[in-house]
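Each chain is listed here by its residues.
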Amino acid sequence: MLQLKEVKSQIVAGRATKDFDFFIQWHLTERCNLQCRHCYQQRRKPGEMSIGELKQQIDGATEMLLAWEEEYDISLSPSIHFTGGEPFLYKGLWNVIGHAMQSGYNVAILTNGCLITKADAEKANAFGIADIQLSLEGPPEIHDAIRGLGSFTAAAKGARLLIDAGNCVSSNMTLSRLNINSVEETAEIAKDVGFSGIGFSRLVPCGSGKNLLDSLLESQEIKTAYQKILALNSPSFKVDSGDPLAGVISGFRPSPESELALSGCSAGFSGVTITSDGSVMPCRRIGIKIGNLRKTSLRRIWSTSKVLWQLRQRESYKGKCGNCSLWPSCRGCRAVAYAYSKTQGTHDLFADDPQCWMLRREKADLTNR
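Keep in mind that this is a model prediction, so the values were computed, not measured.

S.K.: Looking at this model, I keep getting lost on the state of the cysteines. Mind explaining?
M.R.: Simply put, the disulfide is a covalent bond whose two ends are the sulfur atoms of two cysteines. A full pass over the atoms with the stated rule returns zero disulfides. Not part of a disulfide, Cys114 finds its nearest cysteine sulfur in Cys36, a span of 8.3 Å. Cysteine Cys333 shares no disulfide, and the gap to the nearest cysteine sulfur, in Cys265, comes to 5.7 Å.

S.K.: Please clarify how the nonpolar core should be interpreted in this entry.
M.R.: Note that soluble globular proteins tend to have their nonpolar side chains buried in a common cluster. Formed by 91 residues in total, the largest nonpolar core has its most connected members in Ile24, Trp26, Phe82, Phe195 and Phe200. Considering every element that reaches this core, the biggest residue donor is helix H2 (residues 51-72), with seven residues.

S.K.: Even after reading the chapter, I still don't get the pattern of salt bridges, so can you show me in this structure?
M.R.: Pairing of side chains with opposite charge becomes possible as their charged atoms draw close. As enumerated under the stated definition, the model contains twelve salt bridges in all. A salt bridge links Asp353 to Arg202; its shortest N-O distance comes to 2.8 Å. Residue Asp353 is found in the loop between helix H13 (334-343) and helix H14 (363-367), and its partner Arg202 is found in strand E6 (residues 197-202); the two are separated by 151 residues along the sequence. We note that Asp353, like Arg202, is buried.

S.K.: Got a minute to help me understand H2 in this structure?
M.R.: In an α-helix there are 3.6 residues to a turn, and that puts residues three or four apart on one side. Spanning 22 residues, H2 covers 32 Å between terminal C-alpha atoms, matching the ideal 32 Å at 1.5 Å per step. Here H2 has its buried residues at Leu54, Gln57, Ile58, Ala61, Thr62, Met64, Leu65, Ala67, Trp68 and Tyr72. In the stretch just after H2, Asp73 is the one whose phi turns positive, near 55 degrees.

S.K.: Can you walk me through the sheet that holds strand E9 (residues 279-281) in this structure?
M.R.: By way of backbone hydrogen bonds, the strands of a sheet pair with one another, either parallel or antiparallel. One open sheet holds the ten strands; their spatial order is E7-E6-E5-E4-E3-E2-E1-E8-E9-E10, and the pairing between them is mixed. The outermost strands of the open sheet, each flanked by one partner alone, are strand E7 (238-240) and strand E10 (291-292). Its contacts with the sheet put helix H6 (residues 151-164) on strand E4 (131-135) and strand E5 (169-175), and the angle it makes with E4 is roughly 165 degrees.

S.K.: When you look at the side chain of Glu30 in this model, what are you seeing that I'm missing?
M.R.: Within the secondary structure layout, Glu30 lies in the loop between strand E1 (20-27) and H2. Here the side chain of Glu30 touches Gln41 through a polar contact of 3.0 Å, side chain to side chain. Here the side chain of Glu30 touches Arg284 through a polar contact of 3.5 Å, side chain to side chain.

About the criteria used
- Residues numbered from 1 in each chain as written.
- Predicted model: local features only at pLDDT ≥ 70, side-chain atom pairs only at ≥ 80, totals over all residues.
- Heavy atoms only, no water.
- Disulfide = S-S within 2.5 Å.
- Core = buried A, V, L, I, M, F, W, Y, C linked by side-chain atoms within 4.5 Å.
- Buried < 20%, exposed > 50% of the residue type's maximum accessible area, 1.4 Å probe, protein only.
- Helix = DSSP H or I, 4+ residues; strand = E, 2+ residues; numbered from the N terminus.
- Salt bridge = Lys/Arg side-chain N within 4 Å of Asp/Glu carboxyl O.
- Expected span 1.5 Å × (residues − 1).
- Pairing = 2+ DSSP bridges.
- Contact = heavy atoms within 4.5 Å.
- Axes fitted to C-alpha atoms, helices over the stretch in contact; angles between N-to-C directions.
- Polar contact = N/O pair within 3.5 Å; in protein donor to acceptor, adjacent residues only side chain to side chain.

Structure representation (structure tokens):
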């Protein structure tokens, strides 16, 4: 099992009293009303869990977290991020959300925003959803080129309905060569629409996104982009990124002797993904199945999965990532590293993150053209 007591003892001063965050990204459905060019999901239609099954599995996750708090004498701040596909296509969405909130979870919804109605917006506010995240890929012409004609207008309308109803609504942009020159303009658009902030992530060349390998940014481009992005942050409009490489610029530094994962990539450490058919993955964009809730409890999967255990161990990591002094607080994005390695024929979950500027890779090493 994850060494929670050891992690607690090694967190730097000022962070030790903080609750440990743990999140579940829960895909309620694979169905979607859009066909985004960079989508990390496969075009397939696996089964969906019923409302009753979902409630039962949420209860199972709750039992796991309560046991951790008791056994390791820690305090957890758990959250569930409901998504899809498009979560508003799952007919039991509000029923499931209500159960999760009654069980003590902070709830967020990740959506493309195009299907939101006034009734949905009012319900979200009544439920007290912590955050509703809509994707925003750039100004209208770029957003539509990536997500489909008319999707910007539909998403902006959904955002306004949510904001006018009193909800906290944020946005997220997936960085690639398709929109890298629109970062500042997109942040301004998000502010004008009324979003509380904007986050940034990287294109992962998997699912539909594997056709965009040539749109991956070079390491120095990523570094420059994140420096620019983080400089846009302000008290009135949050601009940030959960990307481990962004954390290299803005995050805390572990003690040199630390061999434990303390932050950075969440896979196997502070989060897990559950797909619509009950499959469990370290991260949806990694896509490796490590169990299924219809056969095995989440607690057992978390504590016994060989893949999760390897993700927590420095010795699993190859090359410069494994030897890097920032490994405990970064480890690179495992989804990007794994997806890129597959394009090179190696299928290596522990390969170097190809976009890390600390690796000093030449352009030819990244594109292999």
